[in-house]
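Letter by letter, the chains look like this.
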Amino acid sequence: MSATAHPVPVVQALGLTKRFQGLVSVDGVSFSIAANEILGLIGPNGAGKTTLVNMIGGTIAPSAGELLFEGKPITDAPVHRRAHAGIGRTFQVMKPFPGMTALENVTVGALFGRDGGLKDMGKAREAARGWLEFTGLGRRIDTRADELGGPDRKRLEFAKALALRPKLLLLDEVMAGLNPVEVDEVIELIKAVRGRGVALLVIEHVVKAIRRLSDRVMVLHHGQKIAEGDPASVLSDPRVVEAYLGKKRT
Amino acid sequence: MMNKKTSIAAAIAVALLASVPLFGSDVVVQFGIDALSMATLAQAWNLMGGFTGYPSFGNSVFYGLGAYGTAIAMTKFGMPFGVGLAAGVAAATSCAALVGLPILRLRGPYFAIATLGVNGAMAEIVSNLRIAGADVGLVLPLTRNDASFYELSLALLVFCTGCVAWAATSRFGMGLVAIREDEAAASTMGVNATLYKVAAFVLAAAFTAVAGGIHAYWSTFIDPASAFDSTLNVRMVIMCVFGGPGTVFGPVVGSFILSAIYEVLAAQISTAAALLFGVVIVVAVIFMPKGLADLVQQAPGVGWRYFVRNIRENGI
């Protein structure tokens, strides 16, 4: 495990495990992320990436293991309490509030969010406007979420998660379905967020993006961590190549 | 939502309504009491069904508890009417909190079925309680002052609508709407969904109970069948949905219009009134499923195409 910049990592998982009846989806995974750090999470389909994110976000309870946030245990904390602590996330299957405008969507994050949010409607609206500008949705603030196109919905999902002022941001495949130009934009956005001192866990299928983005990369395969380290060496690790492409014939 | 124009229009409407007992006949005032009370019930239902997205069929429980709380306090303990109302509200809100915690975990039709079950159970319980007059019922002290009951019902409706108007523009209301739109996403944003849902349920219970208490004192007689009447709950749903669920004034306007239509039908062609009323509802649901509020906002721009679009979206 690489050295962290801060004495206490933002998030630390100790042997997180999730069993669905007989099937082990995530098997004793440990890792930590520091402030200002981007941890890339890759792995083949069904490796347990989303299950891992769901355990950190609180929508799935782990079968075993412990989760620490800024050194305090949050393994059993309900979802909203994690948001108050500073965990923001996007969903692989996006979850906008369909009947609300983009501005209202993001305002919810600002109103509630970390430490219970801004509480004041006017301030929350102002903050939401700022996050929509930041993610490039400034011109669509009054558009209903269900009328936004795919890439704009991704931006909205991102803006909502940012509006709760997270210390840890979990991004579950925000680049899927985007064209190369849009992927570049998202990479710049994520780097800008990291620049604000946020710790990020980024799940992505686009390996090229992960290589450019991550400070460290972690690879899951069949629920187990098979590699972790700097992007270049992890992505050339024979075990990782094998997990993705199958065994080389000899 | 509540701009200056709307506030002025609302104030004028309230003033006009308040002056009805000055010149209206007894029949008009009595109709007014029923219509105002029905509008309050629809508005209270709106908090759960419209804003939070939980279609409750248990609001008639709160109505019944309000009625019985008031009746028992007044007849068995000789308390004044105000204390009776407070007792009814206390019974209904504690029931909402106790029952809400477990059943608000259910969504959609499952929540509706569970609330319906609560209503049946409560009617059975009350009809076996001697203090509540068992299945015979209770007779309240007689007071014939329709004008006061009318103004009281109006005051309750104004207060209830004021609360909904506040909720619609507040952090609380934003949390409720977020829960309606996507509960999992709302929790992820930091909304304490359980707390908010129970709070909305308790608030709805309080208004419903006061309406029940007022009605009990006014009608001077209650029994389990009339107090825990699930068709009353169906009327709340119809009136709120007809007017526009999740809006501030939709449920009020909707229930005034439907109450008036029903009254006219009942007076003109008594026996077929319920049937014709049913036809009105069916036509309304097909042509304007999003309620009057949406019709008023959207239709002026697109005219009759508004109805065509609704029918298409309904997939009929």
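All of these numbers come straight from a predicted model, not from anything done at the bench.

About the criteria used
- Residues numbered from 1 in each chain as written.
- Chains lettered and ligands numbered in written order.
- Predicted model: local features only at pLDDT ≥ 70, side-chain atom pairs only at ≥ 80, totals over all residues.
- Heavy atoms only, no water.
- Buried < 20%, exposed > 50% of the residue type's maximum accessible area, 1.4 Å probe, protein only.
- Helix = DSSP H or I, 4+ residues; strand = E, 2+ residues; numbered from the N terminus.
- Pairing = 2+ DSSP bridges.
- Contact = heavy atoms within 4.5 Å.
- Buried area = accessible area lost by both parts, 1.4 Å probe.
- Salt bridge = Lys/Arg side-chain N within 4 Å of Asp/Glu carboxyl O.
- Phe/Tyr/Trp six-rings, centres within 6.5 Å; stacked < 30°, edge-to-face > 60°.
- Lys NZ or Arg CZ within 6 Å of the ring centre and 35° of its normal.

Participant: How would you explain the pairing of strand β8 (residues 199-203) of chain A if you had to name every residue and give the values?
Facilitator: All names here are of chain A. Within β8, five of the five residues are buried, leaving the element largely enclosed by the surrounding structure. The two faces of β8 match: Ala199, Leu201 and Ile203 on one face and Leu200 and Val202 on the other face are all buried. Taken together, the five bridges between strand β7 (residues 168-172) and β8 define a ladder with parallel strand orientation. Looking across to β8, one finds that Leu169 is bridged to Leu200.

Participant: Got a sec to walk through unusual backbone geometry? Specific residues and values, please.
Facilitator: With phi around 50°, Glu70 of chain A is a residue other than glycine that occupies positive phi space. Residue placement: Glu70 of chain A occurs in the loop between β4 (64-69) and β5 (72-73). Assessed through its relative accessible area of 32%, Glu70 of chain A is described here as partly exposed. One non-glycine residue, Thr220 of chain B, lies in positive phi territory at about 60°. Relative to the assigned elements, Thr220 of chain B resides in the loop between α10 (193-219) and β2 (221-222). Residue classification places Thr220 of chain B among the buried positions, given a relative accessible area of 14%.

Participant: Which residues make up the sheet that holds strand β2 (residues 23-33) of chain A, and what are the values?
Facilitator: Spatial ordering of the open sheet is given by β2-β1-β4-β5 (chain A), a layout of four strands whose pairing is antiparallel. Each having just a single partner strand, β2 and β5 of chain A make up the two edges of the open sheet.

Participant: Please provide a residue-by-residue account of the interface of chain B and chain A, values included.
Facilitator: Taken together, the contact between chain B and chain A spans 19 residues of the former and 26 residues of the latter. Roughly 1,900 Å² is buried in total at the junction of chain B and chain A, and carbon and sulfur atoms are behind 73% of that figure. On the chain B side of the contact with chain A, Arg171, Met174 and Met189 of chain B bury the most area, a combined 41% of that side's loss. Along the contact surface separating chain B from chain A lie one salt bridge.

Participant: Describe the packing of aromatic side chains, naming the residues involved and giving the relevant values.
Facilitator: Counted by the stated rule, this structure contains 11 aromatic pairs over all chains. Ring centres of Phe112 of chain A and Tyr196 of chain B lie 5.7 Å apart, and the angle between their planes is 70°; this geometry places the pair in the edge-to-face category. With Phe112 of chain A in the loop between α3 (102-111) and α4 (121-134) and Tyr196 of chain B in helix α10, the pair connects residues from two separate chains. The burial state of Phe112 of chain A is the same as that of Tyr196 of chain B; both residues are buried. Note on Tyr54 of chain B and Phe111 of chain B: the rings are 5.1 Å apart at their centroids and 85° apart in plane angle, and the pair reads as edge-to-face. In this pair, Tyr54 of chain B is assigned in the loop between α3 (26-52) and α4 (59-76) and Phe111 of chain B in helix α6 (residues 108-126), connecting sequence segments 57 residues apart. Each residue in the set Phe112 of chain A together with Trp166, Phe172 and Tyr196 of chain B is aromatic and connected to the rest through ring pairs, giving one cluster. Stacked on the ring of Phe91 of chain A, the Lys or Arg Lys95 of chain A has its end atom at 5.4 Å from the ring centre. Here Arg196 of chain A stacks its cationic end above the ring of Phe134 of chain A, 4.9 Å away from the centre of that ring.

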